[in-house]
Amino acid sequence: HAASAEFPIPPSRLFLRPMRAWSVAIQLVTTRAFQTTKAFRPRALTPVFTTALSVSTTAADNMCKTTAISEGNPLLQSWAAQPFHLPPFEEINPGHFQPALEAAMEAHIADLEAIASCTDNDFDSILGAYDRAGSLYSKVCGVYGNYISSLNTPDMQEVQSAMAPILSRHRSKCYNIPGLFEKMTSMYDIREEMANKGEWTAEQVRLAERVYTAFVRMGVKLNEEEKKEYGDIQVELATLQTKFMQNILKDEETWEMVITAEDMAGCPEDLVAAARQAAVDRGHEGADEYVITLGRSLVEPFLTYSTRRDLRKKAFDAWTSRGELSEERDNLAIATKILRLRKRQANLMGHTTFSEYQTEDTMAQNPENVMNLCMDVWKRAKEAADKERAMMESFLSEKGDELEGGIQPWDWRFYAEQVRQANFNFDESELKPYLSLDAVTNAVFDVSNKLYGLKYVKRDDIKAYHKDVNVYEVRRAKKDSPDEDELVAIFLHDNFSRAHKSSGAWMSEYRTQTKNLIEGADPIEGVPIVSNNNNFAKGSGATLLSFDDGTTLFHEMGHGHHGMLSDCTYEYLASTSVLKDFVELPSQLMEHWLEEPVVLKEHAKHYKTGETVPDDLLARLKAASLFNEGFATVEYTACALLDMAVHSLSEYDDDFDLSEFEKKYLAEIGMPQGIVMRHRPAHFAHLFASSSYASGYYVYQWAQVLDNDVFAAFQETGDVFDAETAERCRRCIYSAGNTVAPQDLFKAFRGREPDTSFFLKNKGMA
């Protein structure tokens, strides 16, 4: 997650997680609270308008207005009576959000105007206050952002559509308050001098630099006419991106394939049970009715195991056509408008293409560096995929089977699984009984404890926004008193797929870690509230996970660690507010521990018998682990390449056809037969549901170079739980946020530049 999106919803940071081998398992969620506008995520949740500055008359007037509005609106009232100052979930309804957001925006502007007019020019009065500003806005938007991704009912979608342009206007206004940029510039200009004098810390210098960069990248140096156009572009983008995501949600909510038990021939027991549960959830009461939805946790296993080629094709065609299943929901037209607006946005900022603008503030620095990495991997991945297809064709030939048209995209997963079983004697359905959701959750909590000392205490007495969401206190031993522990974070675990929830998996925050609290604030307001969201198909009994599902759960906990272990002074720099091609390092790093035999032997227990997973099964899992990596890598890398290519166009003519561009570009780079992009343009939410991952989908691959190198440091000690390495990892990867440039954090951990050899070796592509 590079940290926030421009959706423009503040505070909630939504992080995506790729499946094993980079295929991203998320249809990006709607929001990602402005990455560059971290400034608008203040911490303190006490009297909204109080900053280190004196409250202006205008702010005081606004406080009176807000007090009147807040009566009866739980979003605007104090949450001090709630455990850990959590939101009062049971009292919140969609009608509360618009008035709460409007009051919060007004209060936020008052805070920023107070900074702009402040006569004191010291760090705390300007940058410290800026980091604290808008506490009510942060509080309300933290809930709003999570609701529109996890509980986006029709009523919430109406609110979202209405608020998208309003929030975008607010975002632009926050950067263009008269005198505010001048204050930030004054801080930026003296940063080196103050550091040399020993009056500013390195973190304060970094804050001055990141805030200044954010303002510049939001167009504050443009003339008034250009600023208006830039703001208008942001409003239109917000509206279009909201519609793009809602169209995907509608397709996923409405499409279903109703079949019988006989139609599920070849499917394992847990998939049959999940399809039956989906039928019940969707109101199909017939005893022999089963439903395959467009949720990845149902459709991918069906494509893998179903012996019915006709039904596989039907499910695949619908799955890869989300966003264009109805003429009323034409996401290709929306995406084309978005591309044109982004191109103009880049032009206003002095760039020829949007990809130049986006990569300017990343580790990669420019599109060329991105393409060099992706094309190198692409060549290797194509070779691996071609070998995999040859193995499947040989398998078919040996059986004497003929497949009309050869291996098609709806066939690949099915025959890959057949070859995996034949050549490696590995059937994933053998492993799933050992990977119940409870077992994998216990495993990830145990790894978290062994590495970073975190303990998870379930709080059944605390109710969240849905009955399936579990709430935990996260605690660890005090440094100066190991026999006592202290609260580190509050953790919400939302694991199941359901109606009105975005597909995929992500991490978000209701509250971000900070030490820069308003004077007199309760310290609990600096303790993060972190949420991990998955979309596992809920079984009628135990929920059994595939190994990829387990990897996703570990991935999200990596993002969760990034939020929970954050140890920064300023919220603006805390947690996941890092450059986007660094943000997936903490998440992908965590995935490695699920592959460790020591973890699986301790936690992979049969959900019925309690039997430990057999050594022979683990050996077969390892032997088969690299098979089909070519396919998975091609699926992902094709998306990353097309993302960069389509955003590198300097013009989009009137007759530009995104679907035709997809077809021609994939032919140009030699897309292997039988594979399609994991996310086709009409449902490529990473690109078109926000701007955060636009020209940035490459970040998973970039971060894989880093995470494989970091994990190698653990392996080199001979103990994947080595305490010294884990502490260095906590300090350099998970706790530092954006207080230090990411390339410097990596060097501090590894003592050198990243080495791609670990990444290529682990993917079988060295």
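Worth saying up front: this structure is predicted, and the values here are computed from it rather than measured.

(A) View of the overall build of the protein chain. In terms of regular secondary structure, the protein chain is built from 29 helices and eight strands. Radius of gyration (C-alpha) of the protein chain: 25 Å, near the 27 Å computed for a compact globule of 766 residues. Across its three principal directions, the C-alpha atoms of the protein chain cover 85 × 70 × 55 Å. Across the 766 residues of the protein chain, 64% fall into the buried class. Taking the contacts inside the protein chain whose residues are at least 6 apart along the sequence as the reference set, 78% of them involve residues at least 24 apart.

(B) Broad picture of the nonpolar core. Membership of the largest hydrophobic core comes to 171 residues, with the highest contact counts inside it found for Tyr130 and Trp593. Looking at this core, the element that brings in the most residues is helix 23 (residues 629-646), giving eleven residues. If near-sequence neighbours (up to four positions away) are discounted, Trp593 is found in contact with Val447, Leu451, Phe554, Val599, Phe711, Phe714, Val720 and Phe721. Counting 37 residues, the second-largest nonpolar core is a separate cluster that includes Leu151, Leu167, Ile490 and Val527.

(C) Representation of the state of the cysteines in the model. Across all of its chains, the model carries zero disulfides by this definition. Looking at the unpaired Cys118, the closest cysteine sulfur is the one in Cys174, lying at 18 Å. We note that Cys729 lacks a disulfide partner, and the nearest cysteine sulfur, in Cys732, lies 8.0 Å from it.

(D) Broad picture of the side chain of Ser172. By the element assignment, Ser172 lies in helix 5 (residues 154-175). Overall, Ser172 belongs to the buried group, its relative accessible area being 12%. When near neighbours in sequence (up to four residues on either side) are disregarded, Ser172 contacts Gly231 and Gln234.

(E) Structural detail: the packing of helix 15 (residues 367-399) against helix 26 (residues 699-716). One can describe the packing of helix 15 onto helix 26 by two numbers: an axis separation of 10 Å at closest approach and a directional angle of 75°. The angle between the axes of helix 15 and helix 26 places the two elements in the roughly perpendicular class. Counted together, Asn369, Leu373, Cys374 and Val377 of helix 15 and Gln701, Trp702 and Val705 of helix 26 form the full contact between these two elements. Split into classes, the residues belonging to the contact of helix 15 with helix 26 amount to five nonpolar, two polar and no charged.

(F) Representation of unusual backbone geometry in the model. In this model, His85 sits at a positive phi of 60°, which is unusual for a non-glycine residue. Mapped onto the fold, His85 is located in the loop between helix 1 (57-70) and helix 2 (97-116). Of note in the backbone geometry, Gln365 takes a positive phi value of approximately 80° without being a glycine. Mapped onto the elements, Gln365 comes out in the loop between helix 14 (354-359) and helix 15.

(G) Looking closely at the pattern of salt bridges. The full count for this structure, using the stated rule, is 57 salt bridges. Across the pair Arg191 and Glu209 runs a salt bridge, and its minimum N-O distance is 3.1 Å. Of this pair, Arg191 sits in helix 7 (residues 191-196) while Glu209 sits in helix 8 (residues 202-217), and the two are 18 residues apart along the sequence. Arg191 gets classed as buried once you look at its relative accessible area, which sits at 13%. Residue class for Glu209 comes out partly exposed when judged on its relative accessible area of 23%.

(H) The layout of surface pockets, seen in detail. In this structure, the second largest pocket spans a volume of roughly 560 Å³. Lining the second largest pocket are 24 residues, with Thr362, Met363, Gln365, Leu579 and Gln743 positioned closest to its centre. For the lining of the second largest pocket, the secondary structure elements donating two or more residues are helix 8, helix 26 and helix 28 (742-750). Counting residues per element, the lining of the second largest pocket draws most heavily on helix 8, which supplies six residues. Its residues placed into classes, the lining of the second largest pocket shows eleven nonpolar, five polar and eight charged.

(I) Representation of the pairing of strand 5 (residues 470-477) within the structure. Across four bridges, the pairing between strand 4 (residues 455-458) and strand 5 is antiparallel. Bridge pairing in strand 5 places Lys458 opposite Tyr472. Where strand 5 and strand 6 (residues 485-496) come together, eight bridges link them in antiparallel fashion. Note on strand 6: the bridge partner recorded for Asn470 is His493.

(J) Quick peek at the side chain of Asn146. With respect to the helices and strands, the residue Asn146 is situated in helix 4 (residues 135-150). When its relative accessible area of 1% is taken as the criterion, Asn146 is described as buried. Here the side chain of Asn146 touches Glu509 through a polar contact of 3.5 Å, landing on its backbone oxygen.

(K) Representation of the packing of helix 2 against helix 6 (residues 180-189) in the model. In contact at an axis separation of 8 Å, helix 2 and helix 6 are set at 55° when each is read in the N-to-C sense. It follows that helix 2 is oblique to helix 6 by the angle criterion. You can see that helix 2 and helix 6 cross each other, and the crossing is left-handed. For the pair helix 2 and helix 6, contact is made by Leu112, Ile115 and Ala116 and by Leu180, Lys183 and Met184, respectively. Here the residues of the contact of helix 2 with helix 6 sort into five nonpolar, no polar and one charged.

(L) Representation of the environment of Asp288 in the model. By the secondary structure assignment, Asp288 is in the loop between helix 10 (269-281) and strand 3 (290-292). When its relative accessible area of 40% is taken as the criterion, Asp288 is described as partly exposed. Aside from chain neighbours lying at most four places away, what touches Asp288 is Ile259, Thr260 and Ala261. Of note is the side chain of Asp288, whose polar atom sits 3.0 Å from the backbone nitrogen of Ala261.

(M) Structural view of the environment of Arg750. Along the chain, the position of Arg750 falls in helix 28. A sequence separation of 233 residues divides Arg750 from Leu517, and the C-alpha atoms of the two residues are 33 Å apart.

(N) The packing of aromatic side chains, seen in detail. Inspection of every chain in the model, using the stated rule, returns 38 aromatic pairs. Summarising the aromatic geometry, the rings of Trp412 and Phe631 are spaced 5.3 Å apart at their centres and angled 20° between planes, so their arrangement reads as stacked. Remark: Phe631 occurs in helix 23 and Trp412 occurs in helix 16 (residues 409-424); sequence separation between them is 219 residues. Among the residues examined, Trp412 registers a relative accessible area of 0% and is labelled buried. The exposure class of Phe631 is buried, given its relative accessible area of 6%. For the pair Tyr698 and Trp702, a centre-to-centre distance of 6.0 Å together with 80° between the ring planes defines the contact as edge-to-face. As far as burial versus exposure is concerned, Tyr698 and Trp702 are alike and both buried. Through a chain of ring-to-ring contacts, the aromatic side chains of Tyr130, Tyr175, Phe181, Tyr188, Tyr212, Phe215 and Tyr572 assemble into a single cluster. Over the ring of Phe414 we find Arg312, and its NZ or CZ is 4.3 Å from the ring centre.

(O) Structural context of helix 27 (residues 723-734). All buried positions along helix 27 are accounted for by Thr725, Ala726, Cys729, Arg730, Cys732, Ile733 and Tyr734. Check the buried side of helix 27 and you find it contacts helix 18 (437-452), helix 19 (547-564), helix 20 (584-591), helix 26 and helix 28.

(P) Local environment of the environment of Glu199. On the secondary structure map, Glu199 appears in the loop between helix 7 and helix 8. For the pair Glu199 and Asn708, spaced 509 residues apart in the sequence, the C-alpha separation amounts to 39 Å. The residues touching Glu199, leaving out its near neighbours within four places in the chain, are Met194 and Gln204.

The rules behind these values
Think of each chain on its own: its residues are numbered from 1, step by step along the sequence as written. With the structure being a predicted model, the display of local features is reserved for residues of pLDDT at least 70 and the display and counting of side-chain atom pairs for 80 or more, all residues being used for whole-chain, interface and lining totals. The basis for every side-chain value is the complete set of non-hydrogen atoms in the structure, without hydrogens or water. Runs of E in the DSSP output that reach at least two residues are strands. Runs of H or I that reach at least four are helices, and both are numbered from the N terminus. Radius of gyration: C-alpha atoms only; globule rule: 2.2 Å multiplied by the number of residues to the exponent 0.38. Only protein chains enter the accessibility calculation, which uses a 1.4 Å probe; a residue is then buried when its area is under 20% of its type maximum, exposed when over 50%, and partly exposed in between. Here, two residues are considered to be in contact whenever any of their heavy atoms come within 4.5 Å of each other. Put simply, a nonpolar core is a bunch of buried Ala, Val, Leu, Ile, Met, Phe, Trp, Tyr and Cys residues held in one set by side-chain atoms that sit within 4.5 Å of each other. For the purposes of this analysis, a disulfide is any pair of cysteine sulfur atoms at a distance within 2.5 Å. Between N-to-C directions, angles cover 0 to 180 degrees, with each direction set by a line fitted to C-alpha atoms, over the stretch in contact for helices. Note on angle classes: values under 35 degrees are labelled roughly parallel, values over 145 roughly antiparallel, values of 65 to 115 roughly perpendicular, and the remainder oblique. In this count, Pro and Cys sit with the nonpolar residues alongside Ala, Val, Leu, Ile, Met, Phe, Trp and Tyr, while Asp, Glu, Lys and Arg are called charged and the others, Gly among them, polar. One side-chain nitrogen of Lys or Arg within 4 Å of one carboxyl oxygen of Asp or Glu is enough to make a salt bridge. Points on a 1 Å grid over protein atoms alone make up a cavity when a 1.4 Å probe fits among them but cannot get out, and a pocket when they form an open set with protein on both sides within 12 Å along at least five of seven lines; lining residues each have an atom within 4 Å of a point. Grid points are joined across faces, edges and corners, and a volume is the space filled by probe spheres set on the points. Criterion used throughout: strands pair if DSSP finds at least two bridges between them. Contacts described as polar in this section are N or O atom pairs within 3.5 Å, which, within protein, must combine one atom able to donate a hydrogen with one able to accept it, while residues neighboring in sequence count only if both atoms come from side chains. By the definition used in this description, the sense in which the near helix is turned from the far one sets the handedness, with an anticlockwise turn below a right angle giving left-handed and a clockwise turn giving right-handed. Note on aromatic pairs: the rings of Phe, Tyr and Trp (six-membered ring only in Trp) are paired at centre separations within 6.5 Å, and the planes decide the class, stacked below 30 degrees, edge-to-face beyond 60, tilted for the rest. For a ring to carry a charge above it, either NZ of a lysine or CZ of an arginine must fall within 6 Å of the ring centroid while also lying within 35 degrees of the normal to the ring plane.

Limitation: the analysis is restricted to geometry and does not speak to function.
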